[in-house]
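# Observations on the model geometry
The chain contents come next:
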Amino acid sequence: MNIQIYVGKKNPDVLKAERFFKERRIAYQIMDLKKHKIGRREMEVFVRAAGSAKELVDREGKKALERPVAHMSDDKYIIDALMEDSSALKTPIVRNGQKATIGANEAEWKKWVEAEG
């Protein structure tokens, strides 16, 4: 497994993801969205996992709603805006190769672990 956890800021879901993989002694890499610029292929994996670009946008809280991307509806514009400013992404995004989850999704992570056998 090649686990990457994309984080913008620490939140309870980020801590759940870290704890899940630590408890199973599975190595993971933290990708700090403040330092890491997201590439087109990474974004495509995230959009596929979320179902649409709209589902990737953090719309919780007053500060999140002040961002223009929170009010966009066209996937192309959302993707472009998120690639420019990844701080508007919901986190954590946990990536395992071409698979990814948005938020804490322990059921899916367990499937990944079981598939590795």
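This write-up is about the structure you can find in this document.

## Some remarks on the overall build of the protein
Assigned secondary structure in the protein consists of five helices and four strands. Reading the secondary structure of the protein in the N-to-C direction produces β-α-β-α-α-α-β-β-α. Relative to a compact globule of 117 residues, whose C-alpha radius of gyration would be 13 Å, the protein shows 14 Å and is just as compact. Principal-axis analysis of the C-alpha atoms places the extent of the protein at approximately 45 × 25 × 25 Å. Here the protein holds 117 residues, and 39% of them are scored as buried. Restricting the contact set of the protein to residue pairs at least 6 apart, pairs at least 24 apart contribute 64%. When the accessible surface of the protein is totalled, it reaches about 7100 Å², and 48% of it is carbon and sulfur.

## Observations regarding the sheet that holds strand β3 (residues 93-96)
Ordered in space as β2-β1-β3-β4, the four strands form an open sheet in which the pairing is mixed. Each of the sheet's edge strands pairs with one partner strand only, and the pair in question is β2 (28-32) and β4 (99-102). Taken pair by pair, the neighbouring strands of this sheet meet at an average axis angle of 20°, ignoring direction. Bridge count for strand β1 (residues 3-7) against β3 is four bridges, and the pairing is antiparallel. Bridging across to β3, Ile5 finds its partner in Val94.

## Observations concerning a positive patch on the surface
Positive charge collects at one region of the surface, where Lys9, Lys34, Lys35 and Lys63 lie side by side. For Lys63, the location among the structural elements is in helix α3 (residues 62-65). Classification of Lys63 as exposed rests on a relative accessible area of 65%.

## Digging into the packing of aromatic side chains
One pass over the structure, following the stated rule, counts four aromatic pairs. Pairing Phe20 with Phe21 gives two aromatic rings, centres 5.0 Å apart and planes at 80°, and the pair type is edge-to-face. Pair check on accessibility: Phe20 and Phe21 agree, each one buried. What links up through ring pairs into an aromatic cluster is the set Phe20, Phe21 and Trp109. Positioned above the aromatic ring of Phe20, the side-chain terminus of Arg24 is 3.7 Å from the ring centre.

Cut-off values and rules
Residues numbered from 1 in each chain as written. Predicted model: local features only at pLDDT ≥ 70, side-chain atom pairs only at ≥ 80, totals over all residues. Heavy atoms only, no water. Helix = DSSP H or I, 4+ residues; strand = E, 2+ residues; numbered from the N terminus. Rg over C-alpha atoms; globule rule 2.2 N^0.38 Å. Buried < 20%, exposed > 50% of the residue type's maximum accessible area, 1.4 Å probe, protein only. Contact = heavy atoms within 4.5 Å. Areas by Shrake-Rupley, 256 points an atom, 1.4 Å probe, with all protein chains shown as cover. Pairing = 2+ DSSP bridges. Axes fitted to C-alpha atoms, helices over the stretch in contact; angles between N-to-C directions. Patch = residues over 30% accessible without salt bridge, like charges linked within 9 Å, V, L, I, M, F, W, Y side chains within 5 Å. Salt bridge = Lys/Arg side-chain N within 4 Å of Asp/Glu carboxyl O. Lys, Arg positive; Asp, Glu negative; His and termini not counted. Charge placed at Lys NZ, Arg CZ, Asp CG, Glu CD. Phe/Tyr/Trp six-rings, centres within 6.5 Å; stacked < 30°, edge-to-face > 60°. Lys NZ or Arg CZ within 6 Å of the ring centre and 35° of its normal.

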